[in-house]
Amino acid sequence: YGAPLFLQGWFDWNNNGIWSQNEMAFNLSLNVSNFYNNTEKIPVSFAVPSVSMPSVWSRIRLSFLSCSAVSGSSVFGEVEDYLINVSLPTLTIQGSPNVGNSINFSLLDSAHPNAQYLFALSAGTTPGIPLPDGRTVPLNWDDVFTLSVFSPSIIGLVNPSSSLNSQGQSIIIWNIPYIPSAAGVTLHGAVVVINSNLPFPQNIVGISPAINITLLP
């Protein structure tokens, strides 16, 4: 017999371990022809905000009655939690970070082709600065997210602000200044991927995990 069903999902995008009602990602009303022994797949699409962790917990509820609460009892249904893998922007170092050397950072964010990005090196430590939506940029960036604690013209970054190509790729060039006393210093690098058509902080659609770069003699 026909059975109206409700499928709802929440995601702990900020990874704080607390389920919040505003973390609901979808709320669907389904018309399933045969509830029992039914194996059909239900496609679900929803917006994925930027996160700084490679996995997040989700809570999926299937019930005969619509229930907007992320926790609590429901009639004739089931609730299950799943750990979901998330695709994050990734940075890979190409070359040896010796003072006076030139190295590249390979950037990949296949989820946001042609998007703008901002790259920074910082002597600050994680977790960095919080965003209003609970996310964290893993660096001590300045107010406009364009400069590190050093000036790019001094630190030698060639293209800290540019765009990804149609495959979501870019190469960031770093001409490391020849400062012998800088050997042994550890910097932190990270990328923020931006959709300029959205308001802040929703325009930050991707945040890479920070990587550490220790300068060599």
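For the structure itself, consult the block above.
Residues numbered from 1 in each chain as written. Predicted model: local features only at pLDDT ≥ 70, side-chain atom pairs only at ≥ 80, totals over all residues. Heavy atoms only, no water.

With that settled, the discussion passes to the pairing of strand β7 (residues 116–122). Burial analysis of β7 places six of its seven residues in the buried class, which makes it a mostly covered element. When β7 meets strand β10 (residues 161–163), the two strands line up antiparallel, connected through three bridges. By the bridge assignment for β10, Y117 is matched with S162. (Buried < 20%, exposed > 50% of the residue type's maximum accessible area, 1.4 Å probe, protein only. Helix = DSSP H or I, 4+ residues; strand = E, 2+ residues; numbered from the N terminus. Pairing = 2+ DSSP bridges.)

F105, F119 and W174 are the most contacted members of the largest nonpolar core, which totals 22 residues. Judged by nonpolar contacts, the second largest core, of ten residues, contains F11, L30, V86 and L88. (Core = buried A, V, L, I, M, F, W, Y, C linked by side-chain atoms within 4.5 Å.)

Our focus in this paragraph is a nonpolar patch on the surface. Where nonpolar side chains cluster on the molecular surface, the patch consists of V158, I171 and I173 and spans about 210 Å² of accessible area. Mapping I171 onto the fold places it in strand β11 (residues 169–175). Residue I171 is classed as partly exposed on the basis of its relative accessible area of 37%. (Patch = residues over 30% accessible without salt bridge, like charges linked within 9 Å, V, L, I, M, F, W, Y side chains within 5 Å. Areas by Shrake-Rupley, 256 points an atom, 1.4 Å probe, with all protein chains shown as cover. Salt bridge = Lys/Arg side-chain N within 4 Å of Asp/Glu carboxyl O.)

It is worth spelling out the sheet that holds strand β6 (residues 102–108) at this point. The antiparallel open sheet is built from three strands, whose spatial order is β5-β6-β11. The sheet is open, and its two borders are formed by β5 (90–94) and β11, each paired with just one other strand. When strand polarity is set aside, the average angle formed by the axes of neighbouring strands in this sheet is 25°. Bridge analysis of β6 against β11 gives seven bridges, and the strand direction is antiparallel. The residue bridging I103 from the neighbouring strand is W174, located in β11. (Axes fitted to C-alpha atoms, helices over the stretch in contact; angles between N-to-C directions.)

Moving on, we come to the packing of aromatic side chains. Within this structure, the stated rule accounts for three aromatic pairs. Between F105 and W174 the ring centres are 6.1 Å apart and the planes differ by 20°, which places this aromatic pair in the stacked class. Here F105 is found in strand β6, whereas its partner W174 is found in strand β11, with 69 residues between them in sequence. No difference in accessibility class separates F105 from W174, as the two residues are buried. (Phe/Tyr/Trp six-rings, centres within 6.5 Å; stacked < 30°, edge-to-face > 60°.)

That's the geometry; what it means functionally is another story.
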